[in-house]
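In case you want the letters, here they are:
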Amino acid sequence: MVLLRTAKNNEKMVVIERTKKIKPTETTPSAKTITTIMGTKVKGSSDIKQEKITREEALNLYTNTLNFNVISRYDPAIKQLLCNTSHCVLYNFNDETEEWVKSDFQGTLALYIREFKVPSSKSSPPTYQDLQNLFCYGVILLNRTNPECFSLGLLPNKVSSHFFPNGLNDSSILEMDVELNDNLIIIRNLLGEIYGLWVFNENDRIKLFKSIEFCLNSDANVE
């Protein structure tokens, strides 16, 4: 503000005030700009939400960790847990009577990814032990009735047909099969053995079937 004395009027000083305007510069934000910035700042802080884990998620995490640790005792080659269900009963198919026979295996069942080893010798046909090391996936039923557990290796069909073009030991069984029949997930392995998995939870049953089907039809590269 600049004060200018211009004249005397009746011996009184007349003071004329003139306001000097300040031109806004690039470093001087306007009130509107400040409001916008503050608004953005407040909005940004309100959008920050604290990550919370539900009780169900915590229980699932604990269960998966526990299952992983238990499975690693039976199969040290376990790499990643894909899915599991809390209650499953194993049935064996009797070829002579063509009937399902309930086994003594029942409990928690899990499907997981395995660390596999490709057969080193290319001159001789792969052996049964080579097949055990080649399994890319595994199914295990942690038995509640006795310490013995049931396990089954899974191999993508493209891999099995590549390493076993005539089947294991020329058995002519080139691929593993899986199908969902009523309440049973039916699996046939490369030895021709047929197993039925009865899963209590329907959603788990469908999820497990689709997961096994995906594993057998996957394009795993093991060369």
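Structure's up top.
Since the model is a prediction, treat every value here as computed from it, not as a measurement.

Asker: Honestly, the packing of aromatic side chains in this entry has me stumped. Any pointers?
Answerer: Centre distance and the angle of the planes are the two values used to describe a pair of aromatic rings. This structure, assessed with the given rule, holds four aromatic pairs. Considering the side-chain rings of phenylalanine 93 and tryptophan 100, the 5.2 Å spacing of their centres and the 65° angle between planes classify their relative orientation as edge-to-face. Residue class for tryptophan 100 comes out partly exposed when judged on its relative accessible area of 31%. Within the aromatic cluster, the residues linked to one another by ring pairs are Phe105, Phe150 and Tyr195.

Asker: Help me understand the environment of leucine 180, please; the structure alone is not making it clear to me.
Answerer: Considering the arrangement of structural elements, one finds leucine 180 in strand β7 (residues 177-181). Owing to a relative accessible area of 34%, leucine 180 belongs among the partly exposed residues under this scheme. Sequence separation of leucine 180 and phenylalanine 209 is 29 residues, and the distance between their C-alpha atoms is 6.8 Å. Other than its neighbours up to four places away in sequence, leucine 180 contacts Ile185, Arg205 and Phe209.

Analysis parameters
- Residues numbered from 1 in each chain as written.
- Predicted model: local features only at pLDDT ≥ 70, side-chain atom pairs only at ≥ 80, totals over all residues.
- Heavy atoms only, no water.
- Phe/Tyr/Trp six-rings, centres within 6.5 Å; stacked < 30°, edge-to-face > 60°.
- Buried < 20%, exposed > 50% of the residue type's maximum accessible area, 1.4 Å probe, protein only.
- Helix = DSSP H or I, 4+ residues; strand = E, 2+ residues; numbered from the N terminus.
- Contact = heavy atoms within 4.5 Å.

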